[in-house]
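Structure at a glance
Below, each chain spelled out in residue letters.
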Amino acid sequence: AEFNWRFANLYSRGTAFGEVYQDLADNIETMSNGRISVQMMYAGEGVSTNGIFGAVKSGLITMGAPFQPMHAGEMPAGIVEVGLPGGTDKPAELMDLFYEKGWGDILKDAYAEHGLVWLDPYIQPPVYILTKEPINSVEDFEGLKIRAPGAYGKFLRNLGASPVNLTWGEIYTSLSTGVIDGSIGSNLIDHRDGNHVEVAKYMYRLPLAGAQVLPVIVNQKAWNQLPDDLKAVVSAATAVHAKEQLTKSREWEAKAVADMQAKGMQWSPEPSDADKAAWKAAGANLWEDYAKEGPYSKKLVEVLKAESM
Amino acid sequence: MTTLLRGYCLAVEFIVRFLGRSVAWLVPVLSLVVASEVFARYVLNRPTVWAYDLSLFLFAYIAALGGAYAQQKQAHINVDILYLKVSERTRRLFDLVTYLLAMYFMLVLIKIGVEQLEQTIKFNYRRQSEWAPPMHHFWVMMISAGALMLLQLSAQWISNFYSLVTGNELIEQQESKE
Amino acid sequence: MGIELLTVVLLVCVLASFALGAPVGLALGGIAMAIGYLTWGEGIFNLIPSTIDTTYFSFILLAIPLYIYMGQLLTRSGIGDAMFNASQLIIGRIRGSLAVSVIGVCSMIGAMVGIIGAGIMTSGSIALKPMLERGYDRRLALGVIMAGGGLGILIPPSVPMIMFASSTQNSVGRMFIAALIPALISVVSLALYVIISCKLKPSLAPMGTGDEANMTPRKKLLTLRDGVFSVLLIVAVLGSIISGIATPTESGAIGVIGALILAILFKRFKTSMFKAAGFETAILISVAMWIIFGATLFSNFHLMMGIQGMVASFTQDLGLPPIGVIIMMQLIMLLLGFIIDEFIIVLMCAPLFTPIAVSLGYDPIWFGILMILNIEIAVQTPPYGFALFYLKGIAPPGVTMGEIYKSVTPFICIKLAVLILCMLVPELVLWLPNKLMG
Ligand code: NA
Ligand code: NA
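A brief look at the structure comes next. From a predicted model like this one, the values you see are computed outputs, not experimental measurements. Starting afresh in each chain, residues are numbered from 1 along the sequence in its written order. Here every chain gets a letter starting at A, and every ligand a number starting at 1, in the order they are written. Thresholds applied to this predicted model are a pLDDT of at least 70 for local features of residues and 80 or more for the giving and counting of side-chain atom pairs; totals over whole chains, interfaces and linings are not thresholded and use all residues. Water and hydrogen atoms play no part in the side-chain values, which are based on all heavy atoms of the structure.

1. Quick look at the overall build of chain A
- When helices and strands are tallied, chain A shows twelve helices and eleven strands.
- Taking 19 Å as the expected radius of gyration for a compact globule of 309 residues, we find that chain A reaches 19 Å, a close match to that expectation.
- For chain A, the spread of C-alpha atoms along the three principal axes comes to 60 × 40 × 30 Å.
- Looking at the 309 residues of chain A, the share that counts as buried comes to 61%.
- Once local pairs closer than 6 in sequence are excluded, the contacts in chain A between residues at least 24 apart make up 77%.
- Accessible surface is estimated by sampling points in the Shrake-Rupley manner with a 1.4 Å probe; for residues, cover comes only from the protein chains shown. A total of about 11000 Å² of accessible surface is found on chain A, and carbon and sulfur atoms cover 51% of it.
- The sign given to each residue is positive for Lys and Arg and negative for Asp and Glu; His and the chain ends receive no count. Think of each charge as sitting on NZ of Lys, CZ of Arg, CG of Asp or CD of Glu. Distance between charge centroids for chain A: 2 Å, based on 28 positive and 39 negative side chains. Runs of H or I in DSSP of at least four residues are treated as helices and runs of E of at least two as strands, each being numbered from the N terminus. Both definitions apply: the radius of gyration is a C-alpha atom measure, and the globule rule equals 2.2 Å times residues to the power 0.38. Burial here depends on accessible area, computed with a 1.4 Å probe over protein chains only, as a share of the maximum for the residue type. Under 20% is buried, over 50% is exposed, and the range in between is partly exposed. Contacts between residues were defined by any pair of non-hydrogen atoms, one from each residue, lying within 4.5 Å.

Structure follows, in structure tokens:
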């Protein structure tokens, strides 16, 4: 092919999500009539999931679908982009934020600073907390040790919980022995894949962030080499991909819940209005915290604030 | 010339040994940090935000910076099936070849380390955790670890080369030094 | 260059550098960066930061320094010896009994750690010296350490099992339980092998040196006390995992603190001992981590070039009967063990092979256990095996790689036999989880 690309994503070979990224890769090949060939790199296949951002930036990988919390130290604005705790769960509102209210332009600049082209983002289902004991009211979080990195940890601390730093490979054992009382997962599908329901049965009903928005990024130099028609092809393929993510991830989220329920997962009781208010309050002051992380974070949060007035 | 080479090798040996032994004192510190996190979480029910990254940093410092000292003590693992069967002279020749490869690797490591350090300073890179400690010192350390290894390898390379050419040891007391 | 040709070139370079006696980690990293430069260009150097992220920033690998340090403290304070001295007081009259107690201790260590490196290096730190001091055959002693330490990934908790289960969406708990009977078979057959071979060839394992027999009753009591306490330390470390005080990685630090307390209590704490333990640990950590770093860089390069695609198409294109496919996949994993490390074999092969095995009507848990058994063997088979390198690192000076290769051979045969047994009789793997979990 004229252009040989490598595309790294977060998921292992053979997973449902992995297939969606494969579809994006295949689409780019088909829509470009084979002028761009895309080799898929699944999780652990050469580049670590934490390292996708850096690998696309350096040009080792041409294209990547990273998860912002994994490179929060390199680009803090990504944490606001993916969705701070307490954000909306409505795709329409989110897309409005990105395409009408200016987030898209801010993020284009934020990524450009790192030599990255920011393509159509896509929505993935939200973050939920799984606990060993049912959560009957928000007060039950008091003193619970919950594995929750970064922004999610701060949120849970606001609710009185003790966030714990744990590597993914130790979550299962730690839930099982009681090192931790609960854990967040990137989404419900992640909880299912990690088999965490075997050792902790209760899923809390309120998600940590309404929905997560993830980027597709391309190395600027590789992008510049493409003729305009091929740039259009890649952009069009990512737009198709965003739609597929939205429909498929909803479908899989439902399936993951059914799978986990078959293994004994239960929802914690419906939270009261007071609980919901406490939940929202715990997220509110994080906006200020994260606005301080950098100029782009600040701009993104300003748009959010203007929105919520 | 011989004095100059000998001086270089002895100086490198001294620096590598000094730093290699210094980082060894981080081993008990590392254990203490991990144990204190267990204490903070289990007994006090207040997990720290810093122990996770701090323990990883300490681990990396010990492991990376100790590499050159391990090379000095010939502790790095090699497959010695053929190596031990050949003559001393051939063995030195083998070392000349393999150390070149290793030195090339270290040069690459240093080059990338410098590039990463530049990016890290430019964008104020940090760890992705809540504590978010800065990363610049880590890359300085990685560059130093690569440089130390490079120095150590070069000293051994020079001393091997010297004795292949002259037939004499560059540093006589090297064996009895332990 | 096609991936097939590249694989051959890489393999030749690795074997050549090994033959020249190159430091393994530096050579692997150097080869990856050199061949990478020639085939890919300077851009390949950017593989280094990402590789550093998965090696120097791996919390799972943190178990290695902590457990090595615990082992060093136990050995250098003499507490580790006490454990074996005490066992000799009790079962010293059986030939080979020390090696059998080493296997017992290794199994306990295996139950604490979830990765091979920590298992072998801890077992080696604690148990190699007592065996060699008592005149045990060096090969037997090394082989026992390797075989026992390798149990770390077969006896739960096991990081590769967690990785298998998550990448194939199977139950971790079921995997852990399924591993118990194969682990028990392994432990028993290792012990039997030691006892039988010592019986056949008494020179392998001398009977008690007489120390135990000539001890004063007071000395005997002290030895027993020290022995009991050191076993209690191991039980305490295990207990800290089971009771949820610490994760398997962190429990190493509990072991370190415990070893220090025991040394102080038994008046065996000396500054020189403390210093020496730290120095030796630092060297061993550096040795292990430079290998892991170089080797991971090597396999990351190979993966970037598409080795996984080659393996996938290779498996699919063979028109073999079902069991033939299973055997073929086992062989591929054994061969991959020549050049790729334990985690990456799981990450790569679990999602590639498991769906095929399931579509042929086999149970994924059974297949997963076969994979774990296989990896345990792959990392121990010459010329390239992490377990071999760890063992060399921990072995006393003067032990050659050739000797290590020879020492592990009978034990690899035993593990191979266990693998084949589990392959032929799936009930050995599946009966217990089905019974307990339905
Ligand atoms: Na284990
Ligand atoms: Na091998």
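2. Details of a positive patch on the surface
- The grouping of B:Lys85, C:Arg139, C:Lys201 and C:Lys406 at the surface amounts to a positive patch.
- Topologically, C:Arg139 is positioned in helix H8 (residues 138–149). Every patch collects residues that have over 30% relative accessible area and no salt bridge, joining them within 9 Å if they carry like charges and within 5 Å if they are nonpolar side chains (Val, Leu, Ile, Met, Phe, Trp, Tyr). One speaks of a salt bridge when a side-chain nitrogen belonging to Lys or Arg is within 4 Å of a carboxyl oxygen belonging to Asp or Glu.

3. Topic: the nonpolar core
- Among buried residues, those of type Ala, Val, Leu, Ile, Met, Phe, Trp, Tyr and Cys that are joined through side-chain atoms within 4.5 Å constitute a nonpolar core. Ranked by size, the top nonpolar core spans 335 residues in total, and within it A:Phe141, B:Phe138 and C:Tyr56 carry the most contacts.
- Of the residues forming this core, the biggest block, 21 residues, is contributed by helix H15 (residues 271–304) of chain C.

4. Structural notes on the interface of chain A and chain B
- Taken together, the 23 residues of chain A in the interface contact 15 residues of chain B.
- Linking chain A with chain B are one salt bridge, by the criterion used here.
- Between B:Glu130 and A:Arg157 there is a salt bridge; the shortest N-O distance is 2.4 Å.
- Where the side of chain A that touches chain B is concerned, the elements lending two or more residues are helix H2 (52–58), helix H6 (150–158) and strand S7 (162–164) of chain A.

5. Looking at the interface of chain B and chain C
- On the chain C side, the residues contacting the 61 residues of chain B number 66 residues.
- Counting each side, the surface lost to burial between chain B and chain C is near 5400 Å², with a carbon and sulfur contribution of 80%.
- Among the residues of chain B in contact with chain C, B:Phe59, B:Ile77 and B:Phe105 are the three that bury the most area, contributing 15% of the side total.
- At the boundary of chain B with chain C, the tally comes to three salt bridges.
- C:Glu42 is the partner of B:Lys111 in a salt bridge, and the nearest nitrogen-oxygen pair spans 3.0 Å.
- Distance and chemistry together define a polar contact, namely a pair of N or O atoms within 3.5 Å, with one atom able to donate a hydrogen and the other to accept it when in protein, and with adjacent residues in sequence counting only for side-chain atoms on both sides. Summed over the shared surface of chain B and chain C, the number is 13 residue pairs in polar contact (both at pLDDT 80 or more).
- Only helix H1 (2–24), helix H2 (26–42), helix H3 (51–72), helix H4 (88–123) and helix H5 (136–166) of chain B provide two or more residues apiece to the side of chain B that touches chain C.
- Sorting elements by how many residues they give to the side of chain B that touches chain C places H4(B) first, with 15 residues.
- Each residue receives one of three labels: charged for Asp, Glu, Lys and Arg, nonpolar for Ala, Val, Leu, Ile, Met, Phe, Trp, Tyr, Cys and Pro, and polar for the others, Gly being one of them. Looking at side-chain class alone, the side of chain B that touches chain C contains 44 nonpolar, nine polar and eight charged residues. Summed over both partners, the accessible surface that disappears when two parts come together, traced with a 1.4 Å probe, is what is meant by buried area.

6. Observations concerning the sheet that holds S7(A)
Residue and element names in this part refer to chain A.
- In this description, strands pair whenever DSSP reports at least two bridges between them. The strand order across the open sheet formed by six strands is S7-S6-S8-S5-S9-S11, and the pairing between neighbours is mixed. For this open sheet the edge positions go to S7 and strand S11 (266–267), each flanked by a neighbour on one side alone.
- With two bridges joining them, strand S5 (residues 128–131) and strand S9 (residues 202–203) adopt antiparallel strand pairing. From the neighbouring strand, Thr 131 faces S9, where its bridge partner is Tyr 202.

7. What to know about the sheet that holds strand S2 (residues 36–41) of chain A
Residue and element names in this part refer to chain A.
- Spatially, S2-S1-S3-S10-S4 is the arrangement adopted by the five strands of the open sheet, whose pairing is mixed. The outermost strands of the open sheet, each flanked by one partner alone, are S2 and strand S4 (116–124).
- Relative to S2, strand S1 (residues 3–8) is paired through six bridges, and the arrangement is parallel. Bridge pairing links Ala 8 to Met 41 in S2.
- In the packing of helix H10 (residues 228–262) onto the sheet, contacts are made with S1, S2, strand S3 (63–64), S4 and strand S10 (212–219), and the angle to S4 comes to roughly 20°. In this analysis an axis means a line fitted to C-alpha atoms, helices contributing only their contacting stretch, and an angle means the value between N-to-C directions, from 0 to 180 degrees.

8. Comments concerning a nonpolar patch on the surface
- Residues C:Leu184, C:Val188, C:Leu192, C:Ile196 and C:Leu200 make up a contiguous nonpolar surface patch of roughly 520 Å² in combined accessible area.
- When you line up the elements, C:Leu184 lands in helix H11 (residues 180–200).

9. Focus on the packing of helix H4 (residues 63–76) of chain C against helix H14 (residues 248–265) of chain C
Residues and elements named next belong to chain C.
- The geometry of H4 relative to H14 is characterised by a closest axis approach of 8 Å and an angle of 20° between their N-to-C directions. With respect to each other, H4 and H14 are oriented roughly parallel. Here H4 and H14 pass one another in a crossing that is left-handed. Each of Ala 63, Leu 66, Tyr 67, Tyr 69, Met 70, Leu 73 and Leu 74 in H4 lies in contact with H14, whose residues at this interface are Pro 248, Thr 249, Ser 251, Gly 252, Ala 253, Gly 255, Val 256, Ala 259 and Leu 260.
- Of the residues belonging to the contact of H4 with H14, the class tally is twelve nonpolar, four polar and no charged. Roughly parallel means an angle under 35 degrees; roughly antiparallel means over 145; roughly perpendicular covers 65 to 115; every other angle is labelled oblique. Handedness of a crossing is defined here by the sense of rotation of the near helix relative to the far one, left-handed for an anticlockwise turn of less than a right angle and right-handed for a clockwise turn.

10. Some details on the side chain of A:Asn9
- Along the chain, the position of A:Asn9 falls in the loop between S1 and helix H1 (16–31).
- Among the polar contacts listed, one links the side chain of A:Asn9 to the backbone nitrogen of A:Tyr11, at a separation of 2.5 Å.

11. Here we look at helix H4 (residues 91–99) of chain A
Residues and elements named next belong to chain A.
- Restricting attention to buried positions, one finds in H4 the residues Leu 94, Leu 97 and Phe 98. Around the axis of H4, the buried residues are gathered within 95° of arc, so they sit on the same side.
- Packed against the buried residues of H4 are helix H3 (77–82), helix H5 (103–112), S4, S10 and helix H12 (295–308). Comment: arc refers to directions from the helix axis out to C-beta atoms.

12. Side note on unusual backbone geometry
All names here are of chain B.
- Positive phi outside glycine occurs at Asn 45, with the angle close to 55°.
- Summarising the element assignment, Asn 45 is placed in the loop between H2 and H3.
- Classification of Asn 45 by relative accessible area gives partly exposed; the value is 28%.
- Although it is not a glycine, Gln 74 sits at a positive phi angle of roughly 55°.

13. As for the packing of aromatic side chains
- Stacked, tilted and edge-to-face are the three classes assigned to paired rings of Phe, Tyr and Trp, where Trp is represented by its six-membered ring and a pair needs centres within 6.5 Å; plane angles under 30 degrees give stacked, over 60 edge-to-face, the rest tilted. Evaluated as defined, the whole model comprises 33 aromatic pairs over all chains.
- Seen in terms of ring centroids, A:Phe141 and A:Tyr204 are 5.2 Å apart; in terms of plane orientation they differ by 90°. Their pairing is edge-to-face. Within this pair, whereas A:Phe141 is found in the loop between S5 and strand S6 (145–147), its partner A:Tyr204 is found in the loop between S9 and S10, the two being separated by 63 residues in sequence. In this pair, the class of A:Phe141 matches that of A:Tyr204, namely buried.
- Through pairs of rings, three or more aromatic residues link up here, namely A:Phe7, A:Tyr11, A:Phe17, A:Tyr21, A:Tyr122 and A:Trp252.
- Here, over-ring charges are defined by two tests on the NZ atom of lysine or the CZ atom of arginine: distance to the ring centre within 6 Å, and angle to the ring normal within 35 degrees. Above the ring of B:Tyr83, the side-chain terminus of B:Arg91 is found at 5.8 Å from the ring centroid.
- Between C:Arg225 and the ring centre of C:Phe266, over which it is positioned, the NZ or CZ distance is 4.4 Å.

14. What to know about the side chain of B:Gln152
Residue and element names in this part refer to chain B.
- Residue placement: Gln 152 occurs in helix H5.
- Classification of Gln 152 as buried rests on a relative accessible area of 3%.
- Polar contacts involving the side chain of Gln 152 include one to the side chain of Gln 72, which spans 3.2 Å.
- Those residues in contact with Gln 152 that sit more than four places away from it in its chain are Val 12, Glu 13, Val 16, Ala 68, Gln 71 and Gln 72.

15. Quick look at the pairing of strand S8 (residues 182–185) of chain A
Residues and elements named next belong to chain A.
- Both faces of S8 are covered, namely the face carrying Gly 182 and Ile 184 and the face carrying Ser 183 and Gly 185.
- As judged from the two bridges shared by S6 and S8, these two strands associate in the parallel manner. Paired with Arg 147 across the bridge in S8 is Ser 183.

16. Some thoughts on the environment of A:Leu119
- Its place among the elements puts A:Leu119 in strand S4.
- Discounting chain neighbours no more than four positions away, the residues touching A:Leu119 are A:Val216, A:Val218, A:Trp223, A:Val234, A:Ser235 and A:Thr238.

17. Examining helix H5 (residues 79–91) of chain C
- Under the convention used throughout, the expected extent of a helix is 1.5 Å for every residue step, that is, one less than its residue count. An ideal rise of 1.5 Å per residue puts 18 Å on 13 residues; H5(C) measures up with 19 Å between its terminal C-alpha atoms.
- Within H5(C) the residues assigned to the buried category are C:Ile79, C:Gly80, C:Asp81, C:Ala82, C:Met83, C:Phe84, C:Ala86, C:Ser87 and C:Gln88.

18. Topic: the packing of H4(C) against H15(C)
Residue and element names in this part refer to chain C.
- Two elements in contact, H4 and H15, have axes separated by 9 Å at closest approach and are oriented at 145°. In this structure, the crossing between H4 and H15 has a hand that is right-handed. On the side of H4, the interface is formed by Ile 64, Pro 65, Ile 68, Tyr 69, Gln 72, Leu 73 and Arg 76, while H15 contributes Met 273, Phe 274, Ala 276, Ala 277, Gly 278, Glu 280, Thr 281, Leu 284, Ile 285 and Ile 292.
- Of the residues that constitute the contact of H4 with H15, the class distribution is twelve nonpolar, three polar and two charged.

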